[in-house]
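This is what each chain is made of:
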Amino acid sequence: MTTALGSGLLPTSDADPFGHEVLENPLPLHAELRDAGPIVYLTKYDVYALARYEQVRAALVDWQGFQSAAGVGLSNFRTEKPWRTPSLLLEADPPLHDAPRRVLARILGPRALRTLRDRWMADAERLVDRLLSGTNEFDAVADLAEVFPLRVFPDAVGIPKEGRQHLLPYGDHLFNAFGPANDLVEKGAAGAGELLAWAQQQCARPLLTEDGFGAAIWAAADRGEITSEQAPLVVRSLLSAGVDTTVHALSAILYALATNPAQWQRLREHPALARVAFDEAVRWESPVQTFFRTATDDIRIGGHTVPGGRKILMFLAAANRDPRRWTDPDAFDLSRDPSGHVGFGMGIHQCVGQHVARLEAEALLTALVRRVHSVELTGPVRRHHNNTLRAWGSIPVRVRTR
Ligand code: OVM
């Protein structure tokens, strides 16, 4: 169905991008929305959608036209009260966004991470050795993708050991909450207040170790680079954005390699491809599937006008497999150049933690390819439905180590 708006006809869709059928397999909807046009109106949520690479990328880089401060979920902060204090990174525009971004970019930058590299490589070796000494069959999600980030990242932030079991459930609810108030959000609502309170408590200066990312954020406040009111919120962003995202990205790469044995062999022969493999997996799977923006004022997209204040849903995952941009987009292929993918976003909000994620993946993959000759699935995989994340429940695998 199409209705007139702006020039020409605005394609519409009554699909529910957050329904279980789509969350189980979003690829058909992504193709449908891309093919419908450069912009599509979603009747179910009264929002606009972008699914083509060109328009998604353009919206991401135009932070003036597509604001974040009204929230990057369906809920519009112009009219609805946010469920948590908005993030100074994700849910803020310049100028408020800039100082926290500058501080985090330095603390999580490639140079600062050099001190972590050897330790994380050794941690990954130990984890893989331990796992493979027990069995050749395991769950790539529960036994690997969840274990490694939870072993290294909370230590790197410097939060207490106690309570870390809340990190994944907190992130799961947070990423659900960017979507509509559906059953997934309902299910988490009862525990959400406690999870949020726990996360915020971990950001207090006295609880943080002296050598972590958290302490470095507080040190930036001492130097006046951010205020001491902002410091705990910036620490909170690490706990919000840094755990579930990496767990599901690592799951995705393990699934991609288990189901593309030639690519596993290629990686074994060239371990230096670990970083390409990670970015290709982020393109292929898009662990963060979608984010919204809000039209700051009336804005023209693909020959149509989106009125100021209206929500626009950007399908990062659809852009990352747009055949208008990528050759053979559904192939997981280590010989392509995946750079330019929008799985980490693009522009001023592009994932500030991506170097941390890439280092985690590099450490784990390097340890794995050293020991493992081949990987195969031993049974059906299970997805975990989340309104924003392309998440995993289970990836049962068998590996050969000789
Ligand atoms: C934040 C935050 C939360 C979730 C995701 C994210 C992907 C950031 O609180 O800053 O970036």
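Please read these numbers as outputs of a predicted model, since none were measured by experiment.

### Remarks on the overall build of the protein
Inference 1: Looking only at helices and strands, one finds 16 helices and 14 strands in the protein.
Inference 2: The C-alpha radius of gyration of the protein comes to 21 Å, within 12% of the 21 Å expected for a compact globule of 402 residues.
Inference 3: The dimensions of the protein, computed from C-alpha atoms along their principal axes, are 65 × 50 × 40 Å.
Inference 4: Across the 402 residues that make up the protein, the buried fraction comes to 57%.
Inference 5: For the protein, the share of sequence-separated contacts (at least 6 apart) that also reach a separation of at least 24 residues comes to 72%.

### Some remarks on the environment of Leu195
Inference 1: Relative to the helices and strands, Leu195 is located in helix H9 (residues 183–201).
Inference 2: Here Leu195 falls in the buried class, since its relative accessible area comes to 15%.
Inference 3: Once the C-alpha coordinates of Leu195 and Ala124 are considered, the two residues, 71 residues apart in sequence, prove to be 28 Å apart.
Inference 4: Every residue in contact with Leu195, bar those within four places of it in the chain, is listed here: His166, Pro169 and Tyr170.

### As for the site of the ligand
Inference 1: Near the ligand you find Arg84, Ser87, Leu90, Leu174, Phe175, Ser237, Ser240, Ala241 and Phe291, and these make up its full shell.
Inference 2: In this structure, Arg84 approaches the ligand through a side-chain N or O atom, which is 2.9 Å from an oxygen atom.
Inference 3: The side chain of Ser237 places a nitrogen or oxygen atom 2.6 Å from an oxygen atom of the ligand.
Inference 4: Put simply, the parts of the chain that give the shell around the ligand at least two residues each are helix H8 (167–177) and helix H11 (230–241).
Inference 5: Sorting elements by how many residues they give to the shell around the ligand places H11 first, with three residues.
Inference 6: Residue classes in the shell around the ligand are distributed as five nonpolar, three polar and one charged.

### Quick look at the state of the cysteines
Inference 1: The full count for this structure, using the stated rule, is zero disulfides.
Inference 2: Free of any disulfide, Cys351 has its nearest cysteine sulfur in Cys203, 17 Å distant.
Inference 3: Owing to a relative accessible area of 27%, Cys351 belongs among the partly exposed residues under this scheme.

### Section: helix H2 (residues 27–36)
Inference 1: For H2, the full list of buried residues reads Leu29, His30, Leu33 and Arg34. Buried residues in H2, looked at end-on, bunch into an arc of 130 degrees, giving them a common side.
Inference 2: Buried residues along H2 sit in contact with strand E2 (9–13), helix H1 (20–24), strand E3 (40–42), strand E10 (311–315) and helix H15 (316–319).
Inference 3: Gly37 sits one or two positions beyond H2 and adopts a positive phi of about 155 degrees.

### Re the pairing of E2
Inference 1: When you tally the buried positions in E2, you get four out of five residues, the bulk of the element.
Inference 2: Both E2 and E3 contribute to a ladder of two bridges, which runs parallel. Residue Thr12 lies in a different strand from E3, and its bridge partner there is Tyr41.

### Let's talk about unusual backbone geometry
Excluding glycine, a negative phi dihedral is what most residues carry, and trans is how most peptide bonds are arranged.
Inference 1: With omega at 5 degrees, the peptide bond leading from Pro94 into Pro95 counts as cis.
Inference 2: Looking at the secondary structure, you find Pro95 in the loop between strand E5 (66–67) and helix H4 (98–107).
Inference 3: The phi dihedral of Asp328 is positive, around 45 degrees, even though this residue is not glycine.
Inference 4: Following the sequence through the fold, Asp328 ends up in the loop between H15 and helix H16 (354–371).

Procedures and definitions
Residues numbered from 1 in each chain as written. Predicted model: local features only at pLDDT ≥ 70, side-chain atom pairs only at ≥ 80, totals over all residues. Heavy atoms only, no water. Helix = DSSP H or I, 4+ residues; strand = E, 2+ residues; numbered from the N terminus. Rg over C-alpha atoms; globule rule 2.2 N^0.38 Å. Buried < 20%, exposed > 50% of the residue type's maximum accessible area, 1.4 Å probe, protein only. Contact = heavy atoms within 4.5 Å. Near = heavy atom within 4 Å. Polar contact = N/O pair within 3.5 Å; in protein donor to acceptor, adjacent residues only side chain to side chain. Nonpolar A, V, L, I, M, F, W, Y, C, P; charged D, E, K, R; others polar. Disulfide = S-S within 2.5 Å. Arc of directions from axis to C-beta. Pairing = 2+ DSSP bridges.

Note that every value here comes from positions in space, so none of it alone points to a role or purpose.
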